[in-house]
Amino acid sequence: MDENKMDIIASLAKRRGFIFPGSEIYGGLAGTWDYGPLGVELKNNVKREFWRASVWERDDTVGIDAAIMMNPTVWEASGHLEAFTDPLVECKTCHTRLRADHEDELTRHMDEHRAKGESATWTEPRTFNLMVEARLGVIEGEKDTVYLRGEITQGAHVNFKNILDTTGRKLPFGVAQIGKAFRNEITPGNLTFRSREFEQMEVQYYIRPDDHEAGRWFEYWKERRRAWYIDLGVKAQNLRFREHAPDERAHYARSAVDIEYHAPFGWKECEGIHHRGEWDLTRHTRYSKTPLSYFDEETGKHLTPWVIETSGGVDRAILFFLLDAYREEQDEKGRTRTVLALNPRLAPFKAAVFPLLRNKLALVEKARMLYNNLRSRTARDWMGPIAWDDRGNIGKRYWAQDEIGTPWCITVDFQTLDDETVTVRDRDTTKQERIHAEELGDYLADKLG
């Protein structure tokens, strides 16, 4: 299944309303994706879990939400206008353009030509800037060039002084952010893995400029971020660290490690941990003429903090959660059951409510009452939405909810009318237990932690 698992996930994602191709009715736009009714719930859950782990559960981190469009000088200071590039080559036979450093894609392209009895050669590599330009202004011909941010990082650094002034934070402390970024990717592909519009989740962690401190926090954030993926359901054996060689590090990085996921298309980055040193604050101080330093009360001196960064892709995380959760099982009759074994905290629906039979008014009314009460409780307590399903027979409903990752299915049957108990079926084990209807809210809250 591994060789075609991406096709399976892409099909499921569209069929069940997780992810749609962007602008599909107009032929699409490469590298853009729309999240459907289930996808947006999954995406919000991933972001909320990041925020919970990075901000709510910590006393040393605050959050911000910076603007997508920034003064163009920001990108000059950050080095992105000069260094944010990829090597581009063009096939002389079909004029397809690919990244020169993606050997697997180049090899696959050459093999496709050979299969047709054609030869193919490449042009010399050229540099290709990834920044996406926009025009801003009210008078045509007098508009200014701005850039849609290529990363969300700089929003934290340009607000460093504002954050210090308004929060009084002491080193070390972090600034977390979730937001959209844009890159003029040469070869978007593998569903949401490489897109031109995507969302990032980051922590910029400011520390004293000390090699020992940097090494300690670098290791801390490596392990903490890896543990976050495992806690939310990714199998530990599908994650690894890969250290960047000096010649492949980003222009700002003193050291860099990727957390990689074992995808069907190879080991691929899902998050990067970077030691950025004093690059960002020093550069923005120089270009803005605004001192971005920290006053150390212990020494009575100003210093420029170093930065340890964690930078992950929301869209990549969603893809990897889907890949890791997907499984197919055979039942006793030889039928294949598809299951998205998502962590319940990530699942789009936390539970589904069924009447055993849709043509029995008493069952439907009882189930509707339970559904409405439970939905109000889970919405109020930020647990998430509840599904209603009365289509087809009960077995088909179970399997449909399994395929979209719903952890628990609640069925109102004739016994419910007598004693107010319902059956609760577990997605992963398919086992059922009877629970009093009034206890369902607490039951779900306990299961969801």
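*Asks:* I tried to follow the overall build of the protein chain on my own but got confused; where do I start?
*Replies:* For the protein chain, the helix and strand inventory stands at 14 helices and 23 strands. Counting only C-alpha atoms and orienting by the principal axes, one finds that the protein chain spans roughly 75 × 70 × 50 Å. Within the protein chain, the proportion of its 449 residues that are buried is 50%. Put simply, of all contacts in the protein chain between residues at least 6 apart along the chain, 66% involve residues at least 24 apart. When the accessible surface of the protein chain is split by element, carbon and sulfur atoms take 49% of a total near 21,800 Å². For the protein chain, the distance from the average site of its 65 positive side-chain charges to the average site of its 75 negative ones is 2 Å.

*Asks:* I would appreciate a short explanation of the packing of aromatic side chains in the present structure.
*Replies:* According to the stated counting rule, one finds 17 aromatic pairs in the structure shown. Ring geometry for Phe160 versus Phe173: centroids 6.1 Å apart, planes at 15°, classification stacked. Separated by 13 residues along the polypeptide, Phe160 in helix α7 (residues 160-167) and Phe173 in strand β9 (residues 173-182) bring together distant segments of the chain. For Phe160, a relative accessible area of 1% translates into the label buried. Under the relative-accessibility criterion, Phe173 is labelled buried at 1%. Judged by centre distance (4.9 Å) and plane angle (85°), the rings of Trp228 and Tyr229 are edge-to-face. A connected cluster of aromatic rings, assembled from ring pairs, spans Phe50, Trp228, Tyr229 and Phe321. The residue whose ring lies beneath Arg225 is Trp228, and the NZ or CZ to ring-centre distance is 4.5 Å. One cation-aromatic arrangement involves Arg425 over Tyr398; the distance from NZ or CZ to the ring centre is 4.5 Å.

*Asks:* In this structure, what is going on with the sheet that holds strand β16 (residues 306-313)? I would like to understand it.
*Replies:* Within a beta sheet, neighbouring strands are joined by backbone hydrogen bonds and run either parallel or antiparallel to one another. Read from one edge to the other, the open sheet built from seven strands follows the order β3-β9-β10-β16-β13-β12-β11, with strand pairing classed as mixed. Where the open sheet ends on each side, the last strands, each with one partner, are β3 (61-63) and β11 (239-243). Across the sheet, the mean angle separating the axes of adjacent strands is 25° when strand polarity is ignored. The pairing of β11 with strand β12 (residues 255-263) spans five bridges and is antiparallel. Note on β12: the bridge partner recorded for Phe241 is Ile259.

*Asks:* Looking at this structure, I do not really get the state of the cysteines. What am I missing?
*Replies:* Disulfides are covalent bonds that link the sulfur atoms of two cysteine residues. What the rule picks out here adds up to zero disulfides. For the unlinked cysteine Cys94, the closest cysteine sulfur is that of Cys91, found at 3.7 Å.

*Asks:* Any chance you could explain the side chain of Ser54 here in plain terms?
*Replies:* Along the chain, Ser54 turns up in helix α2 (residues 37-56). For Ser54, a relative accessible area of 2% translates into the label buried. Not counting chain neighbours up to four residues away, the residues in contact with Ser54 comprise Thr61, Ala176, Val203 and Arg225.

*Asks:* Is there a simple way to think about the nonpolar core in this case?
*Replies:* One broad trend across soluble globular proteins is that nonpolar side chains are buried collectively. Grouped together as the largest cluster of nonpolar side chains are 53 residues, with contacts concentrated most on Phe18, Val46, Trp228, Tyr229, Ile308, Leu319 and Phe321. The element contributing the most residues to this core is helix α10 (residues 314-325), with nine residues. Beyond its immediate sequence surroundings of up to four residues, Phe18 is in contact with Leu12, Ala13, Asp34, Tyr35, Gly36, Leu38, Gly39, Leu42, Leu322, Leu340, Pro348 and Ile404. One finds Val353, Ile386, Leu440 and Leu448 within the second-largest nonpolar core, a separate group that totals 21 residues.

*Asks:* What is the right way to read the pattern of salt bridges from this model?
*Replies:* For side chains of opposite charge, pairing can occur when their charged atoms come near one another. Evaluation of the coordinates by the stated rule reveals 42 salt bridges. Among the salt bridges present, the one from Arg58 reaches Asp60, with a minimum N-O distance of 2.8 Å. Among the charged side chains, a network of salt bridges with common partners joins Arg327, Glu329, Arg337, Asp402, Arg425, Arg427 and Asp428.

*Asks:* Sorry if this is basic, but what is going on with the side chain of Ser311 here?
*Replies:* Among the secondary structure elements, Ser311 is positioned in strand β16. Taking relative accessible area as the criterion, Ser311 reaches 12% and is therefore assigned buried. Within the structure, Ser311 has its side chain in polar contact with the side chain of Glu202 (distance 2.7 Å). Setting aside anything within four residues of it in sequence, one finds Ser311 in contact with Gln200, Met201, Glu202, Glu271 and Gly272.

*Asks:* I keep staring at the packing of α2 against α10 and nothing clicks. Help me out?
*Replies:* When two helices pack together, their arrangement is given by the angle between the helix axes and by the axis-to-axis distance. Contact geometry for α2 and α10: axes closest at 10 Å, N-to-C directions at 110°. Relative to α10, α2 is oriented roughly perpendicular. In this structure, α2 uses Leu42, Lys43, Val46 and Lys47 to contact α10, whose residues at the interface are Val314, Asp315, Ala317, Ile318, Phe321 and Leu322.

*Asks:* Honestly, the sheet that holds strand β21 (residues 408-412) in this entry has me stumped. Any pointers?
*Replies:* Spatial ordering of the open sheet is given by β20-β19-β21-β22-β23, a layout of five strands whose pairing is mixed. The sheet terminates laterally at β20 (386-388) and β23 (432-436), the two strands that pair on one side only. Taken over all neighbouring pairs, the strand axes of this sheet differ in orientation by 30° on average, direction set aside. Of the pairings in the sheet, the one linking β21 to strand β22 (residues 421-426) comprises four bridges and is antiparallel in character. Following the sheet pairing, Thr411 is matched in β22 by Thr423.

*Asks:* Would you mind going over the packing of helix α11 (residues 361-380) against helix α14 (residues 440-447) with me for this structure?
*Replies:* One can describe the packing of α11 onto α14 by two numbers: an axis separation of 10 Å at closest approach and a directional angle of 40°. The orientation of α11 with respect to α14, classified from their angle, is oblique. Classified by chirality, the crossing of α14 by α11 is right-handed. Contact with α11, carried on its side by Leu370, Leu374, Arg377 and Thr378, involves Leu440, Gly441, Asp442, Leu444 and Ala445 of α14 and no other residues of that element. Looking at the contact of α11 with α14 residue by residue, the class counts come to five nonpolar, two polar and two charged.

Each value, and the rule that gives it
- Residues numbered from 1 in each chain as written.
- Predicted model: local features only at pLDDT ≥ 70, side-chain atom pairs only at ≥ 80, totals over all residues.
- Heavy atoms only, no water.
- Helix = DSSP H or I, 4+ residues; strand = E, 2+ residues; numbered from the N terminus.
- Buried < 20%, exposed > 50% of the residue type's maximum accessible area, 1.4 Å probe, protein only.
- Contact = heavy atoms within 4.5 Å.
- Areas by Shrake-Rupley, 256 points an atom, 1.4 Å probe, with all protein chains shown as cover.
- Lys, Arg positive; Asp, Glu negative; His and termini not counted.
- Charge placed at Lys NZ, Arg CZ, Asp CG, Glu CD.
- Phe/Tyr/Trp six-rings, centres within 6.5 Å; stacked < 30°, edge-to-face > 60°.
- Lys NZ or Arg CZ within 6 Å of the ring centre and 35° of its normal.
- Pairing = 2+ DSSP bridges.
- Axes fitted to C-alpha atoms, helices over the stretch in contact; angles between N-to-C directions.
- Disulfide = S-S within 2.5 Å.
- Core = buried A, V, L, I, M, F, W, Y, C linked by side-chain atoms within 4.5 Å.
- Salt bridge = Lys/Arg side-chain N within 4 Å of Asp/Glu carboxyl O.
- Polar contact = N/O pair within 3.5 Å; in protein donor to acceptor, adjacent residues only side chain to side chain.
- Parallel < 35°, antiparallel > 145°, perpendicular 65-115°, else oblique.
- Left-handed = near helix turned anticlockwise from the far one by under 90°.
- Nonpolar A, V, L, I, M, F, W, Y, C, P; charged D, E, K, R; others polar.

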